[in-house]
Each structure stands twice: as C-alpha cells, then as structure tokens.
Amino acid sequence: MRHESQRSNIQTFHVMDVWKAAIERQRTHGDVLTLAAGQPSTPAPKPVLRTTHEALDTHLLGYTETFGIAPLREAIAEYHSTKSGIEVDADDVVVTTGSSGAFTLLFLAAFDVGDTVVMARPGYPGYRNTLTALGCKVIEIDCGPDTRFQPTVAMLEELPEPPAGLIVASPANPTGTVIDPDELAALARWCDDHGTLLVSDEIYHGIGYGDQVMTSAWETSRESVVVGSVSKYFSMTGWRLGWMLVPPGLRPALQRLASNMTVCPPALSQYAAIAAFTPESRSELDSHVQRYAVNRELLLSGLPEVGISDLAPADGAFYVYADIGHLLEGTRGATSTQWCSRLLQDTGVALAPGVDFDTVRGDRTIRLSFAGSTAEVRESLVRLSRWMRP
Ligand SMILES: Cc1ncc(COP(=O)(O)O)c(C=O)c1O
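Since we're looking at a predicted model, the values are computed, not measured. Going along each chain's sequence as written, the residues are numbered from 1 onward. Two thresholds apply to this predicted model, a pLDDT of at least 70 for residue-level local features and 80 or more for giving and counting side-chain atom pairs, whereas whole-chain, interface and lining totals are computed over all residues. Calculation of side-chain values draws on the structure's entire complement of heavy atoms; hydrogens and water are dropped beforehand.

**Concerning the overall build of the protein**
Part 1: Helix numbers and strand numbers start at the N terminus; a helix is a DSSP run of H or I with at least 4 residues, a strand a run of E with at least 2. A tally of helices and strands in the protein yields 12 helices and 13 strands.
Part 2: Relative to its length of 390 residues, the protein is compact, with a C-alpha radius of gyration of 21 Å against a globular reference of 21 Å.
Part 3: Accessibility here uses a 1.4 Å probe with only protein chains present; expressed as a share of the type maximum, an area under 20% marks a residue as buried, one over 50% as exposed, and anything in between as partly exposed. With 390 residues in all, the protein has 56% of them scored as buried.
Part 4: Residues are treated as being in contact if the distance between any of their heavy atoms lies within 4.5 Å. Here the analysis covers contacts within the protein between residues at least 6 apart in sequence; of these, 74% occur between residues at least 24 apart. C-alpha atoms define the radius of gyration, and 2.2 Å times the number of residues to the power 0.38 defines the globule rule.

**Focus: the pattern of salt bridges**
Close approach of charged atoms lets side chains of opposite charge pair.
Part 1: Criterion for a salt bridge: a side-chain nitrogen of Lys or Arg within 4 Å of a carboxyl oxygen of Asp or Glu. Evaluated as defined, the whole model comprises 15 salt bridges.
Part 2: Here glutamate 297 and arginine 296 are joined by a salt bridge, their closest N and O atoms 3.5 Å apart.
Part 3: Judged by its relative accessible area of 45%, glutamate 297 falls in the partly exposed class.
Part 4: Across the pair aspartate 323 and arginine 364 runs a salt bridge, and its minimum N-O distance is 3.1 Å. With aspartate 323 in strand β10 (residues 319–323) and arginine 364 in the loop between β12 (352–353) and β13 (365–369), this pair connects stretches of sequence that are 41 residues apart.
Part 5: Assessed through its relative accessible area of 36%, arginine 364 is described here as partly exposed.

**Details of the site of the ligand**
Part 1: What makes a residue near a molecule or strand is one non-hydrogen atom of that residue sitting within 4 Å of it. The ligand sits among 14 residues. The nearest are Ser100, Asp201, Tyr204, Ser229 and Ser231.
Part 2: Between an oxygen atom of the ligand and a side-chain N or O atom of serine 99, the distance comes to 2.8 Å.
Part 3: N or O atoms within 3.5 Å of each other form a polar contact, as long as, within protein, one can give a hydrogen and the other can take it, and as long as residues adjacent in sequence are counted only when both atoms are side-chain atoms. In this structure, aspartate 201 approaches the ligand through a side-chain N or O atom, which is 2.6 Å from a nitrogen atom.
Part 4: Residues are called lining when one of their atoms sits within 4 Å of a cavity or pocket point, these points coming from a 1 Å grid over the protein atoms alone, where a cavity is a set in which a 1.4 Å probe fits but cannot get out and a pocket is an open set with protein on both sides within 12 Å along at least five of seven lines. Should more than half of a molecule's atoms lie within 2 Å of a pocket's or cavity's grid points, that molecule is taken to sit in it. Mapping the ligand onto the cavity grids shows that it belongs to the largest pocket.
Part 5: At 4 residues, the largest contribution of residues to the shell around the ligand is made by helix α4 (residues 98–110).

**Details of the sheet that holds strand β6 (residues 197–201)**
Part 1: Pairing between strands is defined by DSSP: at least two bridges between them are needed. The strand order across the open sheet built from 7 strands is β2-β8-β7-β6-β5-β3-β4, with neighbouring strands paired in mixed fashion. Both edges of this open sheet fall to β2 (93–96) and β4 (137–142), since each of them pairs with a single strand only. Along the sheet, successive strands turn relative to each other by an average axial angle of 25°, direction set aside.
Part 2: Sheet topology places β2 next to strand β8 (residues 242–245); 4 bridges connect them, and they run antiparallel. Bridged to valine 95 within β8 is tryptophan 243.
Part 3: A fitted line through C-alpha atoms serves as each axis, taken over the contacting stretch for helices, and the angle formed by two N-to-C directions is quoted from 0 to 180°. Set on the sheet, α4 makes contact with β2, β5 (165–169), β6, β7 (225–229) and β8; between it and β7 the angle comes to about 155°.

**Observations regarding the domain arrangement of the protein**
Part 1: Where each domain begins and ends is defined by an automated method or by a domain database. According to the domain assignment, the protein consists of domain 1 (6–43 + 281–388) and domain 2 (46–277).
Part 2: Of note, the centres of domain 1 and domain 2, computed from C-alpha atoms alone, are 25 Å apart.
Part 3: Contact with domain 1, which involves 36 residues of that partner, is made by 41 residues of domain 2.
Part 4: Buried area: the sum, over both parts, of the accessible surface (1.4 Å probe) that disappears when the two are put together. Between domain 1 and domain 2, a total of about 3300 Å² is buried, with carbon and sulfur atoms accounting for 55% of that surface.
Part 5: Contact with domain 2 buries surface across domain 1, with Arg282, Asp315 and Phe357 losing the most and accounting together for 19% of the total.
Part 6: For the pair domain 1 and domain 2, the number of links is 3 salt bridges.
Part 7: The salt bridge involving arginine 121 is made with aspartate 358; its shortest N-O contact spans 3.9 Å.

**Remarks on the packing of helix α10 (residues 279–305) against helix α12 (residues 374–388)**
Part 1: In the contact formed by α10 and α12, the axes pass within 9 Å of each other and the chain directions differ by 10°. Taken as axis vectors, α10 and α12 run roughly parallel relative to one another. Residue-level inspection shows Arg291, Val294, Asn295, Leu298, Leu299, Gly302 and Leu303 of α10 in contact with α12, the latter providing Thr374, Val377, Arg378, Leu381 and Leu384.
Part 2: Classifying every residue of the contact of α10 with α12 by side-chain character gives 7 nonpolar, 3 polar and 2 charged. Orientation is classified from the angle alone, with under 35 degrees giving roughly parallel, over 145 giving roughly antiparallel, 65 to 115 giving roughly perpendicular, and any other angle giving oblique. Gly falls in the polar group here, along with every residue not listed as nonpolar (Ala, Val, Leu, Ile, Met, Phe, Trp, Tyr, Cys, Pro) or charged (Asp, Glu, Lys, Arg).

**Observations regarding the layout of surface pockets**
Part 1: Grid points are joined across faces, edges and corners, and a volume is the space filled by probe spheres set on the points. Roughly 520 Å³ of volume is contained in the largest pocket.
Part 2: Going through the elements one at a time, α1 (15–29) and α4 are the ones with two or more residues in the lining of the largest pocket.
Part 3: Its residues assigned to classes, the lining of the largest pocket shows 13 nonpolar, 9 polar and 4 charged.
Part 4: Among the domains, domain 1 (6–43 + 281–388) and domain 2 (46–277) are the pair contributing at least three residues each to the lining of the largest pocket.
Part 5: The space that makes up the second largest pocket amounts to roughly 220 Å³.

**What to know about the environment of tyrosine 124**
Part 1: Take tyrosine 124: it is sitting in the loop between β3 (116–121) and α5 (125–133).
Part 2: Between the C-alpha atoms of tyrosine 124 and aspartate 356, which are 232 residues apart in sequence, the distance is 7.6 Å.
Part 3: Once residues lying within four places of it in the same chain are set aside, the contact partners of tyrosine 124 are Phe13, Met119 and Asn173.

**What about unusual backbone geometry?**
Part 1: Of note, the amide linkage connecting arginine 121 to proline 122 takes the cis form, showing an omega dihedral of 5°.
Part 2: Here proline 122 is to be found in the loop between β3 and α5.
Part 3: Across the junction of serine 170 and proline 171, the peptide omega takes the value -10°, indicating a cis bond.
Part 4: Inspection of the secondary structure assignment puts proline 171 in the loop between β5 and α7 (181–194).
Part 5: Of note, the phi angle at arginine 148 is positive, near 50°, even though the residue is not glycine.
Part 6: Not every positive phi belongs to a glycine, and alanine 317 is a case in point at roughly 60°.
Part 7: Along the chain, the position of alanine 317 falls in the loop between β9 (310–311) and β10.

Set out below in structure tokens:
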C-alpha cells in the first residue's frame, strides 16, 4: 500500500475543525454564531452578481490566458495605481486561484528546497505550512505588542544570514495590525540590499480603522511581490481569485508553473471580478467596512467587560486577537482549543483558538472574526458574558 508523502505531514488548519464542529452544532441545535472564519457575511457586490449572470449567458467560459484575462489584469493594475499612487501595468499582474494559489506558485517559482523564509509569529499559518510542504525552512520571528506584532529591520539584522524570503502581511491576520509606512519601506530596502525576496500580503487593504496608513511594498521596491485577493475587502471568498504584482524576473518561472499546475484561474470568477473594481461596487464594499467598524467597536468595548482585555491593536482586517491565558483554569479548559470547544458546546459561539497562528503561545490565545453581522457580534457578546459569569 502506498503511504502519504513526508512533505504532506504539515499542521492542519485547525480553524477548519472549529468550522466543522460549528456546522454539526448548527445541525443539532440551530443556534450557532460564528466568529471563527475570516469570511464576510455579505455576498459579492451587486455589479459582480449581474456580470456573472451576463457572463453565463454570453461567454463560452473556457480556459483563459494563464496569467488571467486582459481586462481583469487592467482593472487590477488600475486599482493599485490609484490606491498607491504608482504606475502599475497590466503586465505586472498575475491572476491566480485565490491568494492561496498565488503563494504556492510564488514559493515554487522563487524558493528552492532548503531555502530559509522568514515570517512573523503570530502570523497566517498558510505561509508556514505551504513553505514547509515545499521543503523550505521557515523561521518565525517572535513579534509582540512593542512592534505591533510586525517584524522590523532590527529583527532581520539579528538573523544569522539574510534569508531567501521575507513574508509580511499588513493588515495582518490574526492581529489586524498595520506596518508603519516607514518601516515597510525600510524592510523593502533591506530585502533589496540583501538579496531577499519580500512578499507583501496586502489582501486586507481597504479594511482599515483610524488613521493607520496602508502603504504598498511596491511604493518602495518593484523587486518585491505584492499579493492581493478578492476574498476580503471585495467580499468574494469562494470565488477563488487572487493576484500578484510580480517583477519581470519571476514571470517566466510563474508562467511555466502556472500553465502546468492550474492552466488558468476560474474563468467565470475572472469575468465577474472585473465589475468588483467599479465605483458602484466600491461604494457597496465601503459600506461593509463601516459595518466592520461598528462590530470592532462592540468587541473592543465588550470583551474587556467579560474579562478579555489583552487585545492586539486591530488597525485593519476584521479580527481581534486576544490573550486569554488568565482564563485557562477551572472547568473551561486548560488550552484555548479546549476553551473554544467548551464555549461552542455551551453557548453555540464559535471562535478560533490561536494554535494556527502562533506555534508557541497559541494555546493561550483566541481570534475573533467580526466580518459577520452586527447582530451576531452583539449576541455573541451577550452569550459570552453569561458564560463567563462566575
Ligand atoms: C493573511 C492572509 N493571506 C492569505 C489568505 C488566503 O486568502 P485567499 O486564498 O482566499 O485569497 C488569508 C485568508 O484568510 C489571510 O488571512
């Protein structure tokens, strides 16, 4: 009998276990409130839905160019040019199957087995686990509240040698923190000077609160790779469409890999997504951000009232990351995974334990997603408060 490969022996995405348990609880009790997944509770913007219907009626929807259809690449280029005040050309854009697909392709195109790639801890687990499956060596840099949970040039200077790659996310998952513009520029320059590929995950751009400015790595270095997606701000997770802004040197490798591995990204999603960048869609999407802002305020004021007050500064994205170490005693569980599982069992509220995001301290942290409706967030706080009462 054939055995599974050693490379597939990576950590599972635990949040999907919570997801499964929440579905089961919904089936048996019908009372689930889910703050577990980073998924907006809204569908794609109306112009996208209209365009989808039209595309179904008028297009063959066969294979497309490997890097995506020209009008979509143009729309994405225009979006970045306007957002960041830089010139981006359609040729710079490589459309992919979600940003997840972009990471796999990029890691294969840019890194070899044994290459070292650096990321922040806590951080998005997909980077670590995909890189590990590809045989890369992942160095997680401990990033705490003093640097807003983000890596700095000073931290890179302490590495034994410059890594092949550095991945940053701003706003980040799970903390929601934004890298200061000067620090991002300094990181980009450091990477250029040391032959390190900077991968800048900017998929939460557009979802921000307060006055934190979200700059792009391409404002400093066009040798970096910027990653985008329709999943978050654009409210289109299941359409599985992402993209990269890529320096010319990486394009032939990406072309070879993508054409063999996926042929092209989903055609229907590509035609539909062109309409996501129109003013009508943007104003619908901005209204979602206003809802997230209300939800965020509810959590930031409501969580301390139930005894959860060690919170990361949620500058952007739609998460609150909290340390609940002081609550992990008694009957509610000794780890955040047990605590979340007990919470779901007792109240129907689904949260993500921190184990996916932090391989060291994740047993004492949780992540709450506030991408759902305000009513859901409000009711979750009521149930949490009742549950936490001594
Ligand atoms: C920081 C970050 N990057 C990438 C992804 C993957 O998103 P997608 O593949 O839907 O574009 C996620 C999903 O939650 C994320 O939080």
